[in-house]
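# Residue-level structural notes
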Amino acid sequence: MLTLKHPITSALMLVLTISGTLSAQKTALDSYIREAWETNPGLNQQRFQRQKADIALEEARRLNYPTATLGASYSLAAGGRSIDLPIGDLLNPVYSTLNEITGTNQFPMLDNVKEQLAPNNFYDAKVRVTQPIYNRDIYYNRQIKKEMADLQGIGINQSKRQLAHNIKIAYFQYLQAAEAVGIYKNALSLLEESRRVNQSLVNNGAGLPGVLVRIDGETSAVQAQMDQAQVQAKNAAAYFNFLLKKDYADPVIIDSLFLALPERTLQTSAGLREELQQLESAARINNLVLAQQEAFATPRVGAQLDLGTQGFNFEWGGYTLLGVSVEVPLYAGKRNLLKIQQTKLELNAIQSQKEQVMDQIALQSAVNRNTLESQFSAYNSYSDQIRSARRYYNDTQRRYREGQAGFIEVLDARTQLTNAELQRSIARYKVWAQLAEIEYADAAYPID
(Lines give C-alpha, C1' and ligand atoms only; values in the text may rest on other atoms or scores of the structure.)
Protein backbone atom coordinates (compact mmCIF):
# COMPACT_ATOMS: atom_id res chain seq x y z
CA MET A 1 0.00 0.00 0.00
CA LEU A 2 1.09 3.55 -0.64
CA THR A 3 1.98 5.50 2.49
CA LEU A 4 2.37 9.25 2.30
CA LYS A 5 4.42 11.06 4.94
CA HIS A 6 5.28 14.70 5.27
CA PRO A 7 7.06 16.69 7.97
CA ILE A 8 4.13 19.10 8.33
CA THR A 9 1.62 16.34 9.09
CA SER A 10 1.94 17.04 12.80
CA ALA A 11 1.14 20.69 12.15
CA LEU A 12 -2.33 19.71 11.08
CA MET A 13 -2.93 18.18 14.52
CA LEU A 14 -1.97 21.31 16.45
CA VAL A 15 -4.34 22.42 19.15
CA LEU A 16 -6.11 25.70 18.55
CA THR A 17 -5.34 28.03 21.41
CA ILE A 18 -7.96 30.49 20.25
CA SER A 19 -11.62 30.26 21.09
CA GLY A 20 -13.30 27.01 20.18
CA THR A 21 -16.77 28.21 21.11
CA LEU A 22 -17.78 27.95 17.47
CA SER A 23 -17.78 24.18 17.78
CA ALA A 24 -17.48 23.43 21.48
CA GLN A 25 -20.95 24.52 22.46
CA LYS A 26 -24.23 24.26 20.65
CA THR A 27 -25.54 27.59 19.43
CA ALA A 28 -28.38 28.83 17.28
CA LEU A 29 -25.86 28.88 14.46
CA ASP A 30 -25.16 25.16 14.99
CA SER A 31 -28.88 24.48 14.73
CA TYR A 32 -28.99 26.42 11.48
CA ILE A 33 -26.07 24.39 10.12
CA ARG A 34 -27.69 21.06 10.93
CA GLU A 35 -30.92 22.26 9.38
CA ALA A 36 -29.05 23.14 6.20
CA TRP A 37 -27.40 19.71 6.15
CA GLU A 38 -30.85 18.16 5.96
CA THR A 39 -32.36 20.44 3.33
CA ASN A 40 -29.50 21.44 1.02
CA PRO A 41 -30.20 20.15 -2.52
CA GLY A 42 -26.52 19.66 -3.31
CA LEU A 43 -26.04 17.44 -0.27
CA ASN A 44 -29.17 15.48 -1.13
CA GLN A 45 -27.77 14.83 -4.61
CA GLN A 46 -24.58 13.48 -3.07
CA ARG A 47 -26.57 11.29 -0.70
CA PHE A 48 -28.32 9.75 -3.69
CA GLN A 49 -24.92 9.11 -5.26
CA ARG A 50 -23.76 7.46 -2.02
CA GLN A 51 -26.83 5.21 -2.04
CA LYS A 52 -26.05 4.33 -5.64
CA ALA A 53 -22.45 3.46 -4.65
CA ASP A 54 -23.72 1.26 -1.80
CA ILE A 55 -25.98 -0.61 -4.22
CA ALA A 56 -23.05 -1.05 -6.62
CA LEU A 57 -21.04 -2.50 -3.72
CA GLU A 58 -23.81 -4.98 -2.94
CA GLU A 59 -23.92 -5.90 -6.62
CA ALA A 60 -20.17 -6.56 -6.54
CA ARG A 61 -20.58 -8.79 -3.48
CA ARG A 62 -23.19 -10.88 -5.25
CA LEU A 63 -20.83 -11.72 -8.12
CA ASN A 64 -19.75 -14.70 -6.00
CA TYR A 65 -23.30 -16.02 -5.93
CA PRO A 66 -24.40 -18.77 -8.35
CA THR A 67 -26.46 -17.79 -11.37
CA ALA A 68 -29.19 -19.85 -13.01
CA THR A 69 -30.65 -19.42 -16.48
CA LEU A 70 -33.40 -21.21 -18.34
CA GLY A 71 -32.82 -21.79 -22.03
CA ALA A 72 -34.70 -23.66 -24.73
CA SER A 73 -34.35 -24.13 -28.48
CA TYR A 74 -36.42 -25.83 -31.16
CA SER A 75 -35.36 -26.41 -34.76
CA LEU A 76 -36.95 -27.44 -38.04
CA ALA A 77 -34.72 -28.32 -40.97
CA ALA A 78 -35.02 -29.37 -44.59
CA GLY A 79 -32.24 -30.02 -47.07
CA GLY A 80 -28.70 -29.13 -46.45
CA ARG A 81 -25.83 -31.49 -45.86
CA SER A 82 -26.49 -35.20 -45.28
CA ILE A 83 -24.54 -38.38 -44.64
CA ASP A 84 -25.04 -41.77 -46.35
CA LEU A 85 -25.12 -44.71 -43.96
CA PRO A 86 -24.83 -48.11 -45.92
CA ILE A 87 -26.67 -50.05 -43.27
CA GLY A 88 -28.33 -52.35 -45.85
CA ASP A 89 -25.07 -53.14 -47.61
CA LEU A 90 -23.45 -53.98 -44.29
CA LEU A 91 -26.19 -55.97 -42.55
CA ASN A 92 -28.26 -57.59 -45.33
CA PRO A 93 -25.67 -60.35 -46.15
CA VAL A 94 -25.47 -61.19 -42.46
CA TYR A 95 -29.24 -61.24 -42.09
CA SER A 96 -29.59 -63.49 -45.19
CA THR A 97 -27.15 -66.01 -43.76
CA LEU A 98 -28.98 -65.99 -40.43
CA ASN A 99 -32.31 -66.56 -42.15
CA GLU A 100 -30.86 -69.55 -44.06
CA ILE A 101 -29.42 -71.05 -40.91
CA THR A 102 -32.60 -70.63 -38.93
CA GLY A 103 -34.91 -71.40 -41.85
CA THR A 104 -36.95 -68.35 -40.94
CA ASN A 105 -37.39 -64.75 -42.01
CA GLN A 106 -36.72 -63.26 -38.59
CA PHE A 107 -34.06 -60.92 -39.98
CA PRO A 108 -35.63 -58.57 -42.57
CA MET A 109 -33.62 -56.85 -45.23
CA LEU A 110 -32.66 -53.19 -44.55
CA ASP A 111 -32.35 -50.20 -46.85
CA ASN A 112 -29.36 -47.93 -46.93
CA VAL A 113 -30.01 -44.69 -44.97
CA LYS A 114 -29.36 -41.08 -45.96
CA GLU A 115 -29.42 -39.00 -42.77
CA GLN A 116 -29.81 -35.23 -42.79
CA LEU A 117 -27.20 -33.49 -40.61
CA ALA A 118 -29.39 -30.52 -39.61
CA PRO A 119 -31.77 -31.83 -36.92
CA ASN A 120 -35.42 -31.60 -37.87
CA ASN A 121 -38.19 -31.26 -35.28
CA PHE A 122 -35.55 -31.21 -32.53
CA TYR A 123 -35.75 -29.44 -29.15
CA ASP A 124 -33.33 -28.78 -26.31
CA ALA A 125 -34.48 -27.27 -22.95
CA LYS A 126 -32.20 -26.86 -19.94
CA VAL A 127 -31.47 -24.99 -16.73
CA ARG A 128 -27.82 -23.90 -16.54
CA VAL A 129 -26.26 -23.10 -13.15
CA THR A 130 -22.84 -21.40 -13.08
CA GLN A 131 -20.74 -20.84 -9.96
CA PRO A 132 -17.42 -18.95 -9.73
CA ILE A 133 -15.00 -20.99 -7.64
CA TYR A 134 -11.85 -18.89 -7.73
CA ASN A 135 -11.70 -15.48 -9.40
CA ARG A 136 -9.45 -12.72 -8.02
CA ASP A 137 -11.10 -10.15 -10.30
CA ILE A 138 -14.33 -10.53 -8.33
CA TYR A 139 -12.47 -9.95 -5.06
CA TYR A 140 -10.67 -6.82 -6.27
CA ASN A 141 -13.81 -5.47 -7.88
CA ARG A 142 -15.65 -5.76 -4.55
CA GLN A 143 -12.84 -4.01 -2.66
CA ILE A 144 -12.68 -1.21 -5.21
CA LYS A 145 -16.44 -0.66 -5.04
CA LYS A 146 -16.19 -0.47 -1.24
CA GLU A 147 -13.52 2.22 -1.47
CA MET A 148 -15.59 4.11 -4.02
CA ALA A 149 -18.59 4.05 -1.66
CA ASP A 150 -16.37 5.37 1.14
CA LEU A 151 -15.09 8.05 -1.23
CA GLN A 152 -18.67 9.20 -1.80
CA GLY A 153 -19.09 9.45 1.97
CA ILE A 154 -15.97 11.60 2.23
CA GLY A 155 -17.38 13.86 -0.49
CA ILE A 156 -20.57 14.31 1.53
CA ASN A 157 -18.55 15.30 4.60
CA GLN A 158 -16.51 17.74 2.54
CA SER A 159 -19.69 19.40 1.23
CA LYS A 160 -21.13 19.54 4.75
CA ARG A 161 -17.97 21.23 6.03
CA GLN A 162 -17.99 23.72 3.15
CA LEU A 163 -21.67 24.46 3.70
CA ALA A 164 -21.12 24.98 7.44
CA HIS A 165 -18.29 27.40 6.65
CA ASN A 166 -20.39 29.34 4.14
CA ILE A 167 -23.31 29.56 6.58
CA LYS A 168 -21.06 30.91 9.33
CA ILE A 169 -19.57 33.59 7.10
CA ALA A 170 -23.03 34.59 5.85
CA TYR A 171 -24.33 34.70 9.42
CA PHE A 172 -21.53 37.00 10.59
CA GLN A 173 -22.09 39.25 7.58
CA TYR A 174 -25.75 39.54 8.56
CA LEU A 175 -24.92 40.27 12.20
CA GLN A 176 -22.44 42.95 11.19
CA ALA A 177 -24.97 44.62 8.87
CA ALA A 178 -27.72 44.42 11.51
CA GLU A 179 -25.39 45.94 14.13
CA ALA A 180 -24.47 48.73 11.72
CA VAL A 181 -28.17 49.60 11.50
CA GLY A 182 -28.26 49.88 15.30
CA ILE A 183 -25.17 52.09 15.33
CA TYR A 184 -26.72 54.45 12.79
CA LYS A 185 -29.95 54.52 14.80
CA ASN A 186 -27.91 55.55 17.83
CA ALA A 187 -26.24 58.28 15.75
CA LEU A 188 -29.70 59.53 14.72
CA SER A 189 -30.70 59.62 18.38
CA LEU A 190 -27.67 61.78 19.15
CA LEU A 191 -28.56 64.10 16.31
CA GLU A 192 -32.15 64.30 17.50
CA GLU A 193 -30.94 65.25 20.95
CA SER A 194 -28.64 67.88 19.44
CA ARG A 195 -31.52 69.30 17.44
CA ARG A 196 -33.72 69.44 20.54
CA VAL A 197 -31.03 71.28 22.48
CA ASN A 198 -30.28 73.70 19.64
CA GLN A 199 -33.96 74.32 18.95
CA SER A 200 -34.34 75.31 22.57
CA LEU A 201 -31.35 77.64 22.25
CA VAL A 202 -32.78 79.22 19.09
CA ASN A 203 -36.17 79.67 20.75
CA ASN A 204 -34.44 81.46 23.65
CA GLY A 205 -32.40 83.63 21.31
CA ALA A 206 -29.16 81.98 22.32
CA GLY A 207 -28.61 79.85 19.24
CA LEU A 208 -28.18 80.21 15.50
CA PRO A 209 -30.89 78.88 13.11
CA GLY A 210 -28.16 77.78 10.71
CA VAL A 211 -27.13 75.12 13.18
CA LEU A 212 -30.54 73.49 12.81
CA VAL A 213 -30.07 73.39 9.04
CA ARG A 214 -26.68 71.73 9.49
CA ILE A 215 -28.19 69.17 11.89
CA ASP A 216 -30.97 68.37 9.41
CA GLY A 217 -28.41 67.86 6.65
CA GLU A 218 -26.32 65.59 8.86
CA THR A 219 -29.45 63.67 9.86
CA SER A 220 -30.33 63.07 6.20
CA ALA A 221 -26.83 61.77 5.52
CA VAL A 222 -26.92 59.37 8.48
CA GLN A 223 -30.44 58.28 7.50
CA ALA A 224 -29.17 57.44 4.02
CA GLN A 225 -26.32 55.42 5.52
CA MET A 226 -28.76 53.58 7.76
CA ASP A 227 -31.03 52.83 4.80
CA GLN A 228 -28.05 51.39 2.95
CA ALA A 229 -27.12 49.29 5.99
CA GLN A 230 -30.71 48.01 6.19
CA VAL A 231 -30.53 46.93 2.56
CA GLN A 232 -27.23 45.17 3.23
CA ALA A 233 -28.77 43.42 6.24
CA LYS A 234 -31.78 42.36 4.18
CA ASN A 235 -29.55 41.01 1.40
CA ALA A 236 -27.32 39.21 3.90
CA ALA A 237 -30.39 37.62 5.50
CA ALA A 238 -31.68 36.59 2.06
CA TYR A 239 -28.38 34.87 1.21
CA PHE A 240 -28.26 33.21 4.62
CA ASN A 241 -31.80 31.86 4.15
CA PHE A 242 -30.90 30.77 0.63
CA LEU A 243 -28.18 28.53 2.07
CA LEU A 244 -30.79 27.04 4.39
CA LYS A 245 -33.34 26.68 1.56
CA LYS A 246 -35.77 28.92 3.43
CA ASP A 247 -37.87 31.89 2.45
CA TYR A 248 -35.62 34.90 1.87
CA ALA A 249 -37.71 37.05 4.21
CA ASP A 250 -37.57 34.64 7.17
CA PRO A 251 -36.19 36.29 10.31
CA VAL A 252 -32.69 35.33 11.40
CA ILE A 253 -32.12 34.53 15.08
CA ILE A 254 -29.36 36.64 16.57
CA ASP A 255 -27.28 34.62 19.01
CA SER A 256 -25.97 36.83 21.82
CA LEU A 257 -22.79 34.71 21.97
CA PHE A 258 -21.50 36.48 18.85
CA LEU A 259 -22.24 39.99 20.10
CA ALA A 260 -19.06 39.88 22.16
CA LEU A 261 -15.47 39.14 21.30
CA PRO A 262 -14.60 35.43 21.62
CA GLU A 263 -12.19 34.34 24.30
CA ARG A 264 -8.94 32.50 23.65
CA THR A 265 -9.07 29.86 26.34
CA LEU A 266 -11.08 26.94 24.97
CA GLN A 267 -9.08 24.37 23.02
CA THR A 268 -10.14 22.11 20.17
CA SER A 269 -8.11 19.61 18.15
CA ALA A 270 -7.76 19.86 14.42
CA GLY A 271 -8.91 17.01 12.19
CA LEU A 272 -7.94 15.61 8.83
CA ARG A 273 -9.24 17.59 5.87
CA GLU A 274 -11.53 15.73 3.51
CA GLU A 275 -9.29 16.66 0.59
CA LEU A 276 -6.52 14.59 2.16
CA GLN A 277 -8.92 11.76 2.97
CA GLN A 278 -10.01 11.70 -0.66
CA LEU A 279 -6.41 11.47 -1.85
CA GLU A 280 -5.74 8.63 0.58
CA SER A 281 -8.85 6.83 -0.66
CA ALA A 282 -7.74 7.38 -4.26
CA ALA A 283 -4.35 5.87 -3.36
CA ARG A 284 -6.04 2.80 -1.84
CA ILE A 285 -8.18 2.36 -4.95
CA ASN A 286 -5.14 2.56 -7.21
CA ASN A 287 -3.27 0.08 -5.01
CA LEU A 288 -6.15 -2.36 -5.44
CA VAL A 289 -6.12 -1.80 -9.19
CA LEU A 290 -2.37 -2.39 -9.20
CA ALA A 291 -2.76 -5.64 -7.25
CA GLN A 292 -5.44 -6.76 -9.68
CA GLN A 293 -3.24 -6.00 -12.66
CA GLU A 294 -0.26 -7.79 -11.14
CA ALA A 295 -2.46 -10.88 -10.67
CA PHE A 296 -2.91 -11.07 -14.46
CA ALA A 297 -1.83 -14.73 -14.73
CA THR A 298 -3.93 -15.94 -11.80
CA PRO A 299 -6.22 -18.84 -12.91
CA ARG A 300 -9.96 -18.36 -12.97
CA VAL A 301 -11.93 -21.44 -11.99
CA GLY A 302 -15.65 -21.95 -12.38
CA ALA A 303 -18.24 -24.73 -12.46
CA GLN A 304 -21.26 -25.26 -14.70
CA LEU A 305 -24.22 -27.61 -14.31
CA ASP A 306 -26.84 -28.26 -17.03
CA LEU A 307 -30.12 -30.00 -16.18
CA GLY A 308 -32.32 -30.49 -19.22
CA THR A 309 -34.04 -32.61 -21.83
CA GLN A 310 -33.66 -32.92 -25.60
CA GLY A 311 -34.98 -35.05 -28.41
CA PHE A 312 -37.13 -35.28 -31.54
CA ASN A 313 -40.90 -34.83 -31.68
CA PHE A 314 -40.86 -33.49 -28.09
CA GLU A 315 -40.04 -36.85 -26.63
CA TRP A 316 -38.46 -36.81 -23.16
CA GLY A 317 -34.72 -37.11 -23.18
CA GLY A 318 -33.46 -35.93 -19.81
CA TYR A 319 -29.78 -35.35 -19.21
CA THR A 320 -27.32 -33.88 -16.68
CA LEU A 321 -24.04 -32.27 -17.61
CA LEU A 322 -21.47 -31.04 -15.06
CA GLY A 323 -18.35 -29.18 -16.12
CA VAL A 324 -15.43 -27.35 -14.54
CA SER A 325 -13.62 -24.62 -16.44
CA VAL A 326 -10.13 -23.27 -15.83
CA GLU A 327 -8.86 -20.17 -17.61
CA VAL A 328 -5.25 -19.04 -17.31
CA PRO A 329 -4.21 -15.88 -19.16
CA LEU A 330 -0.84 -16.40 -20.82
CA TYR A 331 -0.13 -13.48 -23.10
CA ALA A 332 -1.89 -10.20 -23.92
CA GLY A 333 0.65 -8.33 -25.98
CA LYS A 334 2.20 -6.94 -22.74
CA ARG A 335 -0.85 -4.71 -22.33
CA ASN A 336 -1.06 -5.80 -18.70
CA LEU A 337 2.49 -4.58 -18.07
CA LEU A 338 1.69 -1.21 -19.64
CA LYS A 339 -1.37 -0.90 -17.40
CA ILE A 340 0.80 -1.63 -14.35
CA GLN A 341 3.19 1.16 -15.34
CA GLN A 342 0.29 3.59 -15.75
CA THR A 343 -1.13 2.73 -12.33
CA LYS A 344 2.24 3.17 -10.61
CA LEU A 345 2.63 6.58 -12.23
CA GLU A 346 -0.86 7.50 -11.05
CA LEU A 347 0.12 6.52 -7.50
CA ASN A 348 3.19 8.72 -7.73
CA ALA A 349 1.03 11.60 -8.94
CA ILE A 350 -1.36 11.12 -6.01
CA GLN A 351 1.54 11.16 -3.57
CA SER A 352 2.88 14.41 -5.03
CA GLN A 353 -0.60 15.93 -5.00
CA LYS A 354 -1.10 15.01 -1.36
CA GLU A 355 2.19 16.59 -0.36
CA GLN A 356 1.21 19.74 -2.24
CA VAL A 357 -2.20 19.87 -0.55
CA MET A 358 -0.59 19.38 2.87
CA ASP A 359 1.78 22.28 2.16
CA GLN A 360 -1.15 24.46 1.10
CA ILE A 361 -3.17 23.60 4.18
CA ALA A 362 -0.20 24.28 6.48
CA LEU A 363 0.35 27.65 4.79
CA GLN A 364 -3.35 28.46 5.01
CA SER A 365 -3.38 27.58 8.70
CA ALA A 366 -0.34 29.75 9.45
CA VAL A 367 -1.70 32.73 7.50
CA ASN A 368 -5.09 32.39 9.19
CA ARG A 369 -3.56 32.45 12.66
CA ASN A 370 -1.40 35.46 11.86
CA THR A 371 -4.43 37.24 10.46
CA LEU A 372 -6.46 36.38 13.55
CA GLU A 373 -3.88 37.90 15.85
CA SER A 374 -3.88 41.14 13.87
CA GLN A 375 -7.68 41.24 13.96
CA PHE A 376 -7.72 40.79 17.74
CA SER A 377 -5.30 43.71 17.98
CA ALA A 378 -7.45 45.79 15.63
CA TYR A 379 -10.55 45.12 17.73
CA ASN A 380 -8.79 46.14 20.92
CA SER A 381 -7.54 49.34 19.32
CA TYR A 382 -11.05 50.25 18.17
CA SER A 383 -12.34 49.62 21.70
CA ASP A 384 -9.81 52.16 22.97
CA GLN A 385 -10.85 54.57 20.21
CA ILE A 386 -14.53 54.25 21.20
CA ARG A 387 -13.79 55.09 24.81
CA SER A 388 -11.79 58.12 23.71
CA ALA A 389 -14.38 59.17 21.11
CA ARG A 390 -17.27 58.89 23.60
CA ARG A 391 -15.39 60.92 26.20
CA TYR A 392 -14.45 63.50 23.55
CA TYR A 393 -18.07 63.69 22.35
CA ASN A 394 -19.42 64.22 25.87
CA ASP A 395 -16.76 66.85 26.62
CA THR A 396 -17.47 68.65 23.35
CA GLN A 397 -21.21 68.64 24.03
CA ARG A 398 -20.58 70.14 27.45
CA ARG A 399 -18.23 72.80 26.09
CA TYR A 400 -20.74 73.58 23.33
CA ARG A 401 -23.49 74.19 25.88
CA GLU A 402 -21.08 76.46 27.78
CA GLY A 403 -20.29 78.34 24.58
CA GLN A 404 -16.67 77.20 24.51
CA ALA A 405 -16.92 75.03 21.36
CA GLY A 406 -18.56 75.34 17.96
CA PHE A 407 -21.21 72.99 16.71
CA ILE A 408 -18.89 71.75 13.95
CA GLU A 409 -16.77 70.23 16.72
CA VAL A 410 -19.86 68.47 18.07
CA LEU A 411 -20.67 66.99 14.66
CA ASP A 412 -17.06 65.93 14.18
CA ALA A 413 -17.03 64.24 17.59
CA ARG A 414 -20.27 62.44 16.78
CA THR A 415 -18.86 61.26 13.44
CA GLN A 416 -15.70 59.99 15.13
CA LEU A 417 -17.78 58.07 17.68
CA THR A 418 -20.03 56.52 15.03
CA ASN A 419 -17.11 55.53 12.82
CA ALA A 420 -15.24 53.98 15.74
CA GLU A 421 -18.31 51.96 16.71
CA LEU A 422 -18.72 50.77 13.11
CA GLN A 423 -15.05 49.82 12.81
CA ARG A 424 -15.12 47.90 16.09
CA SER A 425 -18.25 46.05 14.97
CA ILE A 426 -16.58 45.14 11.69
CA ALA A 427 -13.42 44.08 13.54
CA ARG A 428 -15.38 41.86 15.95
CA TYR A 429 -17.12 39.96 13.18
CA LYS A 430 -13.86 39.71 11.28
CA VAL A 431 -12.49 37.88 14.33
CA TRP A 432 -15.46 35.51 14.31
CA ALA A 433 -15.16 35.02 10.55
CA GLN A 434 -11.43 34.36 10.87
CA LEU A 435 -12.15 31.76 13.54
CA ALA A 436 -14.50 30.11 11.04
CA GLU A 437 -11.69 30.16 8.46
CA ILE A 438 -9.29 28.50 10.90
CA GLU A 439 -11.91 25.99 11.89
CA TYR A 440 -12.49 25.14 8.23
CA ALA A 441 -8.80 24.93 7.36
CA ASP A 442 -8.10 22.63 10.32
CA ALA A 443 -11.28 20.54 9.85
CA ALA A 444 -12.14 21.28 13.49
CA TYR A 445 -15.93 21.59 13.14
CA PRO A 446 -17.59 18.25 14.02
CA ILE A 447 -19.27 16.59 11.04
CA ASP A 448 -22.00 14.34 12.42
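## Things to note about unusual backbone geometry
A positive phi angle, near 55 degrees, is found at Asn121, a position not held by glycine. Assignment of secondary structure puts Asn121 in the loop between strand S4 (113-116) and strand S5 (122-134). Positive phi is not limited to glycine here, since Lys245 has a value of about 55 degrees. Mapped onto the elements, Lys245 comes out in the loop between helix H6 (209-243) and strand S6 (268-269). Overall, the relative accessible area of 56% leaves Lys245 in the exposed class.

## Quick word on the packing of H6 against helix H9 (residues 407-441)
In a pair of packed helices, the angle between the axes and the distance between the axes together describe the arrangement. Look at H6 against H9: their axes get within 11 Å of each other, and the N-to-C directions meet at 15 degrees. In terms of orientation, H6 lies roughly parallel with respect to H9. Crossing of H6 over H9 shows right-handed handedness. On H9, the residues that touch Val211, Arg214, Ile215, Glu218 and Val222 of H6 are Phe407, Ile408, Leu411, Arg414 and Thr415. Here the residues of the contact of H6 with H9 are counted per class, giving 6 nonpolar, 1 polar and 3 charged.

## Observations concerning the nonpolar core
Counting 35 residues, the largest nonpolar core has Leu29, Ile167, Tyr171, Phe172 and Phe240 as its most contacted members. Residue assignment for this core shows that the elements contributing at least two residues are helix H2 (28-39), helix H5 (136-203), H6, helix H8 (335-401) and H9. Setting aside anything within four residues of it in sequence, one finds Ile167 in contact with Leu29, Tyr32, Ile33, Ala36, Phe240, Leu243 and Leu244.

## Topic: H6
Because an α-helix packs 3.6 residues into every turn, residues spaced three or four apart end up facing the same way. Helix length check: H6 (35 residues) gives 52 Å between terminal C-alpha atoms against 51 Å at 1.5 Å per residue, within 8%. Just beyond H6, the residue with positive phi is Lys245, at close to 55 degrees.

## Considerations on the confidence of the model for the protein chain
Of all residues in the protein chain, 92% have pLDDT values of 70 or greater, and the mean over the chain is 85. In this model residues 1-24 is a low-confidence stretch, pLDDT under 50, and it forms 66 contacts with partners more than four residues away in sequence or in other chains.

## Quick word on a nonpolar patch on the surface
Taken together, Ile133, Tyr134, Val324, Val326, Val328, Leu330 and Tyr331 make up a surface patch of nonpolar side chains, about 800 Å² in accessible area. Of all elements in the fold, only S5 and strand S8 (318-327) reach the threshold of two or more residues within the nonpolar patch. Among the structural elements, Ile133 can be located in strand S5.

## Some points on the sheet that holds S8
As summarised here, the arrangement of the 4 strands in space is S2-S5-S7-S8, forming an open sheet in which the pairing is antiparallel. Edge positions in the open sheet fall to strand S2 (67-75) and S8, since each of these has one partner strand only. Along the sheet, successive strands turn relative to each other by an average axial angle of 20 degrees, direction set aside. Pairing geometry for S5 and strand S7 (residues 300-312), over 12 bridges, is antiparallel. Each bridged residue has a counterpart across the sheet, and for Gln131 the counterpart in S7 is Ala303.

Cut-offs used in this document
Residues numbered from 1 in each chain as written. Predicted model: local features only at pLDDT ≥ 70, side-chain atom pairs only at ≥ 80, totals over all residues. Heavy atoms only, no water. Helix = DSSP H or I, 4+ residues; strand = E, 2+ residues; numbered from the N terminus. Buried < 20%, exposed > 50% of the residue type's maximum accessible area, 1.4 Å probe, protein only. Axes fitted to C-alpha atoms, helices over the stretch in contact; angles between N-to-C directions. Parallel < 35°, antiparallel > 145°, perpendicular 65-115°, else oblique. Left-handed = near helix turned anticlockwise from the far one by under 90°. Contact = heavy atoms within 4.5 Å. Nonpolar A, V, L, I, M, F, W, Y, C, P; charged D, E, K, R; others polar. Core = buried A, V, L, I, M, F, W, Y, C linked by side-chain atoms within 4.5 Å. Expected span 1.5 Å × (residues − 1). pLDDT = per-residue confidence, 0-100. Patch = residues over 30% accessible without salt bridge, like charges linked within 9 Å, V, L, I, M, F, W, Y side chains within 5 Å. Areas by Shrake-Rupley, 256 points an atom, 1.4 Å probe, with all protein chains shown as cover. Salt bridge = Lys/Arg side-chain N within 4 Å of Asp/Glu carboxyl O. Pairing = 2+ DSSP bridges.

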